[in-house]
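Chain and residue survey
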Amino acid sequence: MLLYYAAGSYVVSSIILCLCPTLLYKKKHVKFPSRFMAHRGGGGEKTENTMVSFTEAKRLNADVFELDVQLTKDGEVIVCHDDNLSRVCGVNENISEHNLKTLPLCLKEMEVACEPGDFLKTDRQEPLLRLEDLYREFPDVPMQIDVKPGGMDLISKVSDLTKQYDREGITVWGAFSHKTTKICRKYNPNMLTFCSMLECAAYPLLFVVGLLPWIPIDAEFYNVPIANISNKSGFSLDLSKVVLPSDNTDYV
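Attention here is on the structure that accompanies the text. (Residues numbered from 1 in each chain as written. Predicted model: local features only at pLDDT ≥ 70, side-chain atom pairs only at ≥ 80, totals over all residues. Heavy atoms only, no water.)

1. Notes on the nonpolar core
Residues Phe65, Leu67, Val69, Leu131 and Ile145 are the most contacted members of the largest nonpolar core, which totals 26 residues. For this core, the secondary structure elements donating two or more residues are helix H2 (51-59), strand S2 (64-71), strand S3 (77-79), helix H4 (131-137), strand S7 (143-147) and helix H5 (151-164). What Val69 contacts, discounting residues up to four positions off in sequence, is Val77, Ile78, Cys80, Leu131, Ile145, Asp146, Val147, Lys148, Leu154 and Val158. Counting 10 residues, the second-largest nonpolar core is a separate cluster that includes Ile78, Leu85, Cys89 and Leu103. (Core = buried A, V, L, I, M, F, W, Y, C linked by side-chain atoms within 4.5 Å. Buried < 20%, exposed > 50% of the residue type's maximum accessible area, 1.4 Å probe, protein only. Helix = DSSP H or I, 4+ residues; strand = E, 2+ residues; numbered from the N terminus. Contact = heavy atoms within 4.5 Å.)

Written out as structure tokens, the structure is:
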């Protein structure tokens, strides 16, 4: 009988806390909308993660710029998804092996992210972009930064630049790696974070079993990567990610 009472109390309390989470936790508020996010600066429209793509995203009134960062050999934070430059610049070399001045230009024809076999063609080769230049050009645009493997040097430089340009409240950062995301949160708690892949997988499972109301959520944004879906008939559905602020007010 005691077991039934315990199970019943657990179910009832989980339902109540799921419906009214503010009984335990303070509601998080995001200062900016995120209905329209430009993934890699809108890489399907212009050369991904370059000034031209972010400028086009701004023209299209994107709410948030999504981007990735890497670190050069001389310590510059570069906006690029791939460390290896084969797909982006056509050379089998890594950003981490280059100084800023030796980085090659992007290809005129580049495979579009999340669209295998689909290529974007442009009239000119664009240079790779520094995060600092992006901050300077778009000081008021919210950005989500995916921190690629680069150790504490990359994390500290991204944090320092974000402080320098006074944009901690409109900059979201994190990583696929749960360890890196935890380090980001601890290193600069004034910046917003998105969920790591582990958290993305764990939270739905915790919800199903009724444990989620008892688990504090550290992230302000919940990102769900969605793989390319296609079949032999040629049908293809390409969605890079769904992004939900933790208070469920907006989505992309």
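Continuing now.
2. Remarks on the pattern of salt bridges
For the structure on display, the rule yields 13 salt bridges. Between Asp68 and Lys148 there is a salt bridge, with the nearest N and O atoms lying 3.8 Å from each other. In this pair, Asp68 sits in strand S2 while Lys148 sits in the loop between S7 and H5, placing the two residues 80 residues apart along the sequence. For the pair shown, Asp68 and Lys148 are each scored as buried. Asp133 serves as the salt-bridge partner of Arg130, at 3.0 Å between the closest nitrogen and oxygen. Residue Asp133 is classed as partly exposed on the basis of its relative accessible area of 24%. Taken together, the salt bridges that share partners define one network made up of Glu76, Arg130, Glu132, Asp133 and Arg136. (Salt bridge = Lys/Arg side-chain N within 4 Å of Asp/Glu carboxyl O.)

3. Observations regarding the packing of aromatic side chains
According to the stated counting rule, one finds four aromatic pairs in the structure shown. With centroids separated by 5.1 Å and ring planes inclined at 45 degrees, the aromatic side chains of Phe54 and Phe65 adopt a geometry described as tilted. Pair noted here: Phe54 is in helix H2 and Phe65 is in strand S2, with a separation of 11 residues, a long-range link. Under the relative-accessibility criterion, Phe65 is labelled buried at 0%. When the ring of Phe65 is compared with that of Phe138, the centres are 5.2 Å apart and the planes differ by 85 degrees; the resulting orientation is edge-to-face. Note that Phe65 is positioned in strand S2 and Phe138 in the loop between H4 and S7, a separation of 73 residues in sequence. (Phe/Tyr/Trp six-rings, centres within 6.5 Å; stacked < 30°, edge-to-face > 60°.)

4. Here we look at empty space enclosed by the protein
According to the stated counting rule, one finds one cavity of 30 Å³ or more in the structure shown. Gly43, Thr47, Glu48, Met110, Glu111, Val112 and Leu120 together form the lining of the largest cavity. A class-by-class count of the residues in the lining of the largest cavity yields three nonpolar, two polar and two charged. (1 Å grid on protein atoms, 1.4 Å probe; cavity = no way out; pocket = protein on both sides within 12 Å on 5 of 7 lines; lining within 4 Å. Points joined across faces, edges and corners; volume = space filled by probe spheres on them. Nonpolar A, V, L, I, M, F, W, Y, C, P; charged D, E, K, R; others polar.)

5. Topic: the pairing of S2
Counting buried residues along S2, eight of its eight residues qualify, which places the element largely inside the surrounding structure. What you see with S2 is no split at all: Val64, Glu66, Asp68 and Gln70 on one side and Phe65, Leu67, Val69 and Leu71 on the other are buried throughout. Looking at chain direction, strand S1 (residues 37-38) and S2 are connected through two bridges and run parallel. Across the sheet, the residue bridging to Ala38 is Phe65, located in S2. Following the backbone out of S1, through H2 and into the adjacent parallel S2, one traces a crossover that is right-handed. Examined bridge by bridge, S2 and S7 share five bridges and lie parallel to one another. Among the inter-strand pairings, Leu67 is bridged to a residue of S7, identified as Ile145. Remark: five residues form the turn of the hairpin made by S2 and S3, two consecutive strands paired antiparallel; Gly75 in that turn has positive phi of roughly 85 degrees. (Pairing = 2+ DSSP bridges. Right-handed = clockwise from strand over helix to strand, strands pointing away.)

6. Re the state of the cysteines
Taken as a whole and judged by the stated rule, the model has zero disulfides. Cysteine Cys195 shares no disulfide, and the gap to the nearest cysteine sulfur, in Cys200, comes to 5.1 Å. (Disulfide = S-S within 2.5 Å.)

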